[in-house]
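# Survey of secondary and tertiary structure
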Amino acid sequence: MVIGIDLGTTYSAISILDEQGNPQIILNKENEPTTPSVVAIDKDEVFVGKNAWKKILSIPQKIFRCIKRKMGLRETVYKEGNTEFSPEAVSGFIVRSLLQDVLARTTKNVTGIVVTVPTYFSDTKRMSTKHAVEGAVDALKNGKKEVAERLETVEFVELIDEPKAAALYYGHCSKRNVGNVLIYDLGGGTFDAALVELKEGGIRVIAEAEEHEAGGAHFDNKICDYVMDYLKENYQ
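Residues numbered from 1 in each chain as written. Predicted model: local features only at pLDDT ≥ 70, side-chain atom pairs only at ≥ 80, totals over all residues. Heavy atoms only, no water.

## Quick word on the state of the cysteines
Evaluated as defined, the whole model comprises zero disulfides. The thiol of Cys66 is not disulfide-bonded; the next cysteine sulfur, from Cys224, is found 12 Å away. Residue class for Cys66 comes out buried when judged on its relative accessible area of 16%. (Disulfide = S-S within 2.5 Å. Buried < 20%, exposed > 50% of the residue type's maximum accessible area, 1.4 Å probe, protein only.)

Structure follows, in C-alpha cells:
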C-alpha cells in the first residue's frame, strides 16, 4: 500500500488508499485524525503529539514544535550528552509515530510514501524532509522483525506540493477532472494558494503564491500578545 503524509507545522496526519482507491485518514493512538507536530525529548525517551504536550510543565526547554520551519537548516536544536538532534531528526520522530499508527491499524506492507510540502520549500528543505522520512523508515526497520518486514517493501519516498495534493484530492472526490480550481491552504504556519487546471491525465499549476509567516500559530501568538499587553496595561 502507498501512504500519504501531511507533515504539518502544527498538526500532522497520515492516510492510505482503501480498497476502492479512496484516501482514508488513519487514526492515531488517541483515535484522533491528526497528531500535534510536537516532540519532547526526556533523556532517552521521545514523546510525540499529545504525550509531548503533557511534558510542557516538567521539561519546557525540551519541547519542540513548529520544527517544520527549521527544515534544511544545519543546526542543533537539542543536545543530550554526546547526542545532537537536528530539525531533520526531530521531524523524523513525528514521521515514525505516524508510521507506527498505520502499521498498528493495517496489515498490508508499505510500498511507497508520498509527503506534502509547502510550495515555497527550497530544494534543501525538500531534501531534508525526504531524509527525515527515510530516516524514520530505517529506524523502524531496525526494530521489531514484524515491523521491519512490512517496511522492507518501500520502493519510493516522493514529495508533492500541498496545493497540488489538494487539487488531486478535489478532482478525485468530485469526479471533476476538467476545469480550473483555486486552491488555498491556510495551515498552522504558512498560507499557500494556487490556481490549478484539472485536465485528463493530470494537473497543471497556472499560478501560485505563498505567505511564509501567516498561519494558525501566528494567529494564536498575536492573540496571546494582545491579551498580555492588555493585562499589563490595565492591571499591572
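Additional details are given in the paragraphs that follow.
## Focus on the packing of helix α2 (residues 87-105) against helix α3 (residues 123-141)
At a minimum axis distance of 8 Å, the contact between α2 and α3 shows a crossing angle of 55°. Relative to α3, the element α2 lies oblique. Along this stretch, α2 crosses α3, giving a crossing that reads as right-handed. Counted together, Glu88, Ser91, Gly92, Val95, Arg96, Leu99 and Gln100 of α2 and Ser128, His131, Ala132, Val133, Ala136, Val137, Ala139 and Leu140 of α3 form the full contact between these two elements. Among the residues forming the contact of α2 with α3, the class breakdown is eight nonpolar, five polar and two charged. (Axes fitted to C-alpha atoms, helices over the stretch in contact; angles between N-to-C directions. Helix = DSSP H or I, 4+ residues; strand = E, 2+ residues; numbered from the N terminus. Parallel < 35°, antiparallel > 145°, perpendicular 65-115°, else oblique. Left-handed = near helix turned anticlockwise from the far one by under 90°. Contact = heavy atoms within 4.5 Å. Nonpolar A, V, L, I, M, F, W, Y, C, P; charged D, E, K, R; others polar.)

## Regarding the pattern of salt bridges
This model, assessed by the stated rule, comprises seven salt bridges. The closest approach of N and O atoms between Lys29 and Asp101, which form a salt bridge, is 3.0 Å. Of this pair, Lys29 sits in the loop between β3 (23-25) and β4 (35-36) while Asp101 sits in helix α2, and the two are 72 residues apart along the sequence. As a salt-bridge pair, Arg204 and Glu197 come within 2.8 Å of each other at their nearest N and O atoms. The exposure class of Arg204 is partly exposed, given its relative accessible area of 39%. (Salt bridge = Lys/Arg side-chain N within 4 Å of Asp/Glu carboxyl O.)

## Focus: the sheet that holds strand β7 (residues 63-65)
Reading across from one edge, β6-β5-β7 is the order of the three strands in this open sheet, with antiparallel pairing throughout. Where the open sheet ends on each side, the last strands, each with one partner, are β6 (45-48) and β7. The average undirected angle you get between the axes of adjacent strands in this sheet is 20°. Judged from the four bridges that link them, strand β5 (residues 38-42) and β6 form a sheet pairing that is antiparallel. Bridging across to β6, Val39 finds its partner in Val48. (Pairing = 2+ DSSP bridges.)

## What to know about the pairing of strand β13 (residues 191-199)
For a regular strand, side chains alternate in direction, first toward one face of the sheet and then toward the other. Burial along β13 is one-sided: Asp192, Ala194, Val196 and Leu198 are buried, while Phe191, Ala193, Leu195, Glu197 and Lys199, pointing the other way, are not. As paired strands, strand β12 (residues 179-186) and β13 are joined by eight bridges and run antiparallel to one another. Across the sheet, residue Ile183 finds its bridge partner in β13, namely Ala194.

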